[in-house]
Amino acid sequence: MDNNLLLEMREIDKRFSGVHALDSVDFSVRKGEILALMGENGAGKSTLIKVLTGLYRKDGGQIIFDGTERNFHTPQDSQRAGISTIYQEINLIPHLSVAENIFIGQEPRNAFGIDWDSVNKQARQLLLDNGIDIDVTQDLASYSTAVQQMVAITRAISQNAKLLIMDEPTSSLADDEVQVMFSKMRELVAKGMSIIFISHKLDEVFTICDRTTILKDGKLVGSYDIDKITKLEMVSKMIGRDASNVLKRTVGVYEEKPGTIPLVHTKNIDNRVTLHGVSIDIRPGEIVGIAGLLGAGKSEYAKVLFGCDNTYTGTFEVEGKPVRLKSPKGAIDLGFAYCSEDRKVEGIFPHMTITENMTITALPRISKFGVVDSKKQKAIVDKYIESIRIKTPSSEQLISNLSGGNQQKVLLGRWLSMNPRLIILDEPTRGIDVGAKAEIEALIREFSQNGISVLYISSELEELIRNCYRIVVIRDGQNSVELTDQDITEENIMKYIAKNAKETEVDHG
Amino acid sequence: MSKIKSIIVKQSALVALIVIFIIACFFYPLFHTWTNLYNLLRQNSMIGLIAVAMTMVILTGGIDLSVGAVCSMISVIAAYLSFTENPLIILVLPLLIGTFFGFMNGFVVAKMKVAPIIASLGIQLIARGISLVMTSGETMHISGAPKEWLPKIAKQSVGPLPLIFLIFFIFAIIFIYILKYRKFGREIYAVGGNEDAAKMMGIRVDRVKIMVYSISGFASALAGLILVSRAGTGQPVACNGWEMDAIAAVAIGGTSLEGGSGKIQTTIFGVFILAIIGNMINLQGNVNSWWQQIITGILLIVVLMMQVIPGWIRNRKA
């Protein structure tokens, strides 16, 4: 076999009770390269990784790692062989110290037991090597997500990994933190490590990766050098249809009817911590986007609108009348709806069905004497399953059985059933694959046509560009610029996001 | 000032223990007599053993409701076994049986994925049922030679201290050491802190869980042997509600009931906070001992508030 290959997986087959999750997939990783594993959700990426790391048993095929044929039965097996994995949701222990998180399971010992001095010393040294200078005896939970992510990487390095698998490692990092991580990755590859990089963010893939392997429906589409493929081609191959529309704007200019007043008028919203003067107007039926770095105040502004933050000063008017919201209840009564960025924590009830999840905010309206009218309930649920195209065999499915995209649709249905006037969407497509993304975005545009205003917060500029009539860029808690029509371009937005930003170099590939 | 504050918050159990100790010394002259303190140490060694093991179960994110019933059952079994007149059988077999009950508990939790509160409730009912079936609810007498030597064990002193307190103390020291300096100890924290992550780090989560419940069974059995020795008979209906006392001690000690953070040291403070309150009420003489429950309840909430409030204040400022 090719000497230059670290990993070769040949004709890998995997079935789950009839579903052909992997159909004779060939996959290889060269020594010292960063390979992007791409595909929509359900394409088989994570199944392939789980077969490789020993979480799943393969039904057929061969795995050759570092020159020998291997069959890993447990994650421990593959770790011992030199394969480390870093997951999207950081898989470390929050209440143990940083040092211990790096060494757990392989702590240095002395005659007395675990040698805490050398645990702490070695951990500190390893982190210093990675340019991180922190107190390693503190709980992991006391540090930011970015630091935690670096701790996870440090752990992987300390295990002398030859192959590092990174599954959406940047989904909770700010842009400058992503840059730090990328330079670390380049360093590791220069030392001969190989990296499999899984991300939904095309920009990142084109910035950092050497090669890409694309899967679709459990089958291999192909492997390509990154400089010989364009974003459009990549997306087309992932979703299997022509995707030339993906980067185009889909909305025109907002036509203001004379005499209408803005639904929401805010001026100089300031909470002295994260917001220092944000002014945004939202008119009826308008889709307004907010762009900005992580921590610029995007979600914080949304929380003011939805009554979660009552500490602000500034003007806040709804249809010309000043309001002061003390709780989300007040916002809901005004006809506001809010889809949180953290679907799992602030959105779904995983142990409840689609019906229960969707109608939980509507219960007062469909109950008589505290008893839910199941006919009315069913009518609501059926209506939205139909109109927003939720793919499910039955409305009595547990929501946790649905894909991320369909879960998000159930949440949209929940708010739509309240007949809202404004929907605040905070990262509505996070963790959702390209196909479902397109559907959610189409729904959002439908809302606008039906007169519902939308406040659209996203860290993915392409999404904002496609769907918003107007984009407000905020930076360090202040308005940076407001863009409309032809001014809405990626370059423009990036320029205003980055302008004067503290120590932030935006490397846009 | 902020340093003092952080000590008070971090060591809220120790601070509460010292305050209560001082109050007891101040108001009850009999409290700090050696006889009283000696009895205090002796009486609370059993619940202490159980609470130490309970701390580890709770650290993994579990709970063990079977401890009191197992303790009581073991006292009956040990008394029953006295007919063999063989010290090895009388003292070792009950420990094995108790450990086995803990093992079953852990097996059902880890392998069959039954919620710990339900699994241990099942074990509790089984153990209590066995005691009652064996005795028809009467105390079980010790027969033969063990009638002489078995009750003597609980009366032994080593230097100034009761032997059974030393047993508890050594047991606690061993597990304090294990939690801090042994791989197994750190794995307990990892499992309770983030089970999925622990699995991905190569920790055998199921084994860790089975181990902590087995230790809990062992500790309950040890307490059961002390019980039979102190009482001189097998006690089929004793130790009711001990699981709750042990859990209260763990909680007062600041161990998170969600698992992942806490210490045995502070659990021991919790045990003695509850002990001194009970002792004060006894010394008062004219107060109904049921007041103890009310005061314990209030104290539990106050101590837990001391731990939670700084977090609120921090969040408000942030």
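Analysis parameters
- Residues numbered from 1 in each chain as written.
- Chains lettered and ligands numbered in written order.
- Predicted model: local features only at pLDDT ≥ 70, side-chain atom pairs only at ≥ 80, totals over all residues.
- Heavy atoms only, no water.
- Helix = DSSP H or I, 4+ residues; strand = E, 2+ residues; numbered from the N terminus.
- Rg over C-alpha atoms; globule rule 2.2 N^0.38 Å.
- Buried < 20%, exposed > 50% of the residue type's maximum accessible area, 1.4 Å probe, protein only.
- Contact = heavy atoms within 4.5 Å.
- Areas by Shrake-Rupley, 256 points an atom, 1.4 Å probe, with all protein chains shown as cover.
- Lys, Arg positive; Asp, Glu negative; His and termini not counted.
- Charge placed at Lys NZ, Arg CZ, Asp CG, Glu CD.
- Salt bridge = Lys/Arg side-chain N within 4 Å of Asp/Glu carboxyl O.
- Nonpolar A, V, L, I, M, F, W, Y, C, P; charged D, E, K, R; others polar.
- pLDDT = per-residue confidence, 0-100.
- Pairing = 2+ DSSP bridges.
- Axes fitted to C-alpha atoms, helices over the stretch in contact; angles between N-to-C directions.
- Expected span 1.5 Å × (residues − 1).
- Polar contact = N/O pair within 3.5 Å; in protein donor to acceptor, adjacent residues only side chain to side chain.
- Domains from an automatic or database assignment.
- Buried area = accessible area lost by both parts, 1.4 Å probe.
- Parallel < 35°, antiparallel > 145°, perpendicular 65-115°, else oblique.
- Core = buried A, V, L, I, M, F, W, Y, C linked by side-chain atoms within 4.5 Å.
- Patch = residues over 30% accessible without salt bridge, like charges linked within 9 Å, V, L, I, M, F, W, Y side chains within 5 Å.

(A) Local environment of the overall build of chain B. Within chain B one finds 15 helices and four strands. Taking 318 residues into account, the globule formula puts the C-alpha radius of gyration at 20 Å, and chain B, at 20 Å, falls close to it. Counting over 318 residues, chain B shows a buried share of 50%. Counted over contacts in chain B with a minimum sequence separation of 6, partners at least 24 positions apart contribute 79%. Carbon and sulfur atoms provide 68% of the accessible area of chain B, an area that totals close to 14,900 Å². The distance from the centre of the 23 positive side-chain charges to the centre of the 11 negative ones in chain B is 13 Å.

(B) How the structure looks around the overall build of chain A. Check the secondary structure of chain A and you find 18 helices and 25 strands. Expected size for 509 residues packed as a compact globule is a radius of gyration near 23 Å; at 25 Å, chain A falls within 12% of this value. Taking all 509 residues of chain A together, the buried fraction comes to 53%. For chain A, contacts bridging at least 24 residues in sequence account for 66% of all contacts bridging at least 6. Counting 61 positive and 71 negative side-chain charges, chain A places the averaged centre of each group 4 Å from the other.

(C) Focus on the pattern of salt bridges. Residues and elements named next belong to chain A. In the structure shown here, the tally under the stated rule is 25 salt bridges over all chains. The shortest N-O distance in the salt bridge between E446 and R389 comes to 3.5 Å. Of this pair, E446 sits in helix α16 (residues 434-449) while R389 is found in the loop between α14 (374-387) and α15 (404-416), placing the two residues 57 residues apart along the sequence. The exposure class assigned to E446 is partly exposed, which follows from its relative accessible area of 30%.

(D) Up close: the interface of chain A and chain B. Contacts between the two partners involve 24 residues from chain A and, on the opposite side, 21 residues from chain B. In this structure, A:E100 and B:R186 form a salt bridge, with 2.3 Å as the shortest nitrogen-oxygen distance. Elements with a minimum of two residues in the side of chain A that touches chain B: α2 (75-81), α3 (98-103) and β8 (113-114) of chain A. Counted by class, the side of chain A that touches chain B contains 13 nonpolar, seven polar and four charged residues.

(E) Just the confidence of the model for chain A, in detail. Per-residue pLDDT for chain A has a mean of 84; in total, 93% of the residues score no lower than 70. A low-confidence stretch, residues 501-509 of chain A (pLDDT under 50), is modelled with 14 contacts involving residues beyond four sequence positions or located in other chains.

(F) Structural context of the sheet that holds strand β4 (residues 60-65) of chain A. Residue and element names in this part refer to chain A. With respect to topology, four strands assemble into an open sheet ordered β2-β1-β4-β5, the strand pairing being antiparallel. Edge positions in the sheet fall to β2 (19-30) and β5 (68-69), since each of these pairs with one other strand and no more. The strands that helix α1 (residues 45-53) touches are β1 (5-16), β2 and β4; relative to β1, the one it contacts most, it runs at about 110°.

(G) Up close: helix α6 (residues 87-110) of chain B. Residues and elements named next belong to chain B. Along its 24 residues, α6 runs 34 Å from first to last C-alpha, staying within 8% of the 34 Å computed at 1.5 Å per residue. Looking at α6, one finds that the buried residues are I90, P94, L95, G98, F101, G102, N105, G106, V109 and A110. On its buried face, α6 sits against α5 (67-80), α7 (116-135), α8 (146-155) and α12 (205-231). In this structure N86 caps α6, since a side-chain oxygen of it lies 2.9 Å from the backbone nitrogen of L88.

(H) Highlighting the domain arrangement of chain A. All names here are of chain A. The domain boundaries assigned to chain A delineate domain 1 (5-239), domain 2 (264-335 + 420-498) and domain 3 (347-405). Relative placement of domain 2 and domain 3: their C-alpha centres are 27 Å apart. Per-residue buried area on domain 2 facing domain 3 is highest for I432, E439 and L443; these three make up 64% of the total on that side. Counting across the interface, domain 2 meets domain 3 through two salt bridges. Between E439 and K391 there is a salt bridge whose closest N-O contact spans 3.4 Å.

(I) Broad picture of the sheet that holds strand β23 (residues 453-457) of chain A. Residues and elements named next belong to chain A. Spatially, six strands are ordered β19-β22-β23-β16-β24-β25 in an open sheet, and the strand pairing comes out mixed. A single partner strand is all that each edge strand has here, and the edge strands are β19 (336-339) and β25 (478-484). Pairs of neighbouring strands in the sheet enclose a mean axial angle of 20°, with direction left out of account. In this sheet, β25 lies alongside strand β24 (residues 470-475) in antiparallel orientation, the contact comprising six bridges. Paired with I471 across the bridge in β25 is L483. Together, β19 and β22 (422-426) form the strand contacts of α15, whose direction differs from that of β19 by roughly 165°.

(J) Broad picture of the side chain of A:S78. Residue and element names in this part refer to chain A. Examined against the element boundaries, S78 turns out to sit in helix α2. What makes S78 buried here is its relative accessible area of 2%. Contacts of S78, omitting those with residues within four sequence positions, involve L52, T53, F72 and I83.

(K) Structural view of the environment of B:L132. All names here are of chain B. The topology assignment puts L132 in helix α7. In this structure, the C-alpha to C-alpha distance between L132 and M73, residues 59 residues apart in sequence, is 8.5 Å. In this view, L132 contacts G137, P236 and V237; residues no more than four positions away in its chain are not counted.

(L) View of the side chain of B:S82. Checked against the element boundaries, B:S82 lands in the loop between α5 and α6. Setting aside its immediate chain neighbours within four residues, B:S82 contacts B:I90, B:H141, B:I142, B:S143 and B:P146.

(M) The packing of helix α9 (residues 163-181) of chain B against α12(B), seen in detail. All names here are of chain B. Close contact between α9 and α12 brings their axes to 11 Å; oriented N to C, the two are set at 170°. Looking at the two axes, α9 sits roughly antiparallel to α12. Facing α9, whose interface residues are I164, I167, F171 and F175, α12 presents I215, F218, A219, L222, I226 and R230. Looking at the contact of α9 with α12, its residues break down into nine nonpolar, no polar and one charged.

(N) Representation of unusual backbone geometry within the structure. The backbone of A:D485 sits at a positive phi, close to 50°, despite the residue not being glycine. For A:D485, a relative accessible area of 27% puts it in the partly exposed group. Of note, the phi angle at B:K113 is positive, near 60°, even though the residue is not glycine. Take B:K113: it is sitting in the loop between α6 and α7. Judged by its relative accessible area of 57%, B:K113 falls in the exposed class.

(O) Layout of the nonpolar core. By size, the foremost hydrophobic cluster in this structure holds 150 residues, and its most contacted members are A:V98, A:M166, A:M185, A:F197, A:M234 and B:F272. If one sorts the elements of this core by residue count, α12(B) sits on top with 13 residues. Other than its neighbours up to four places away in sequence, A:V98 contacts A:L127, A:I134, A:V136, A:Q138, A:L140, A:Y143 and A:V151. Core analysis: the second largest hydrophobic core is formed by 76 residues, A:I290, A:C339, A:L422 and A:I465 among them.

(P) Quick peek at a nonpolar patch on the surface. On the surface, B:V287, B:W291, B:I294, B:I295, B:I298 and B:V302 cluster together into a nonpolar patch covering about 510 Å² of accessible area. Turning to its location among the elements, B:V287 is positioned in the loop between α14 (264-284) and α15 (291-317).

(Q) Representation of the pairing of strand β13 (residues 264-270) of chain A. Residues and elements named next belong to chain A. Taken together, the two bridges between β13 and strand β15 (residues 281-282) define a ladder with antiparallel strand orientation. Counted as the bridge partner of H265 is D281 from β15. Summarising the sheet, β13 and strand β14 (residues 276-278) pair through two bridges and their orientation is antiparallel. The residue of β14 that forms the bridge with D270 is H276. Taking the residues between adjacent antiparallel strands as the criterion, β13 and β14 are bridged by five residues, where R272 takes a positive phi near 65°.

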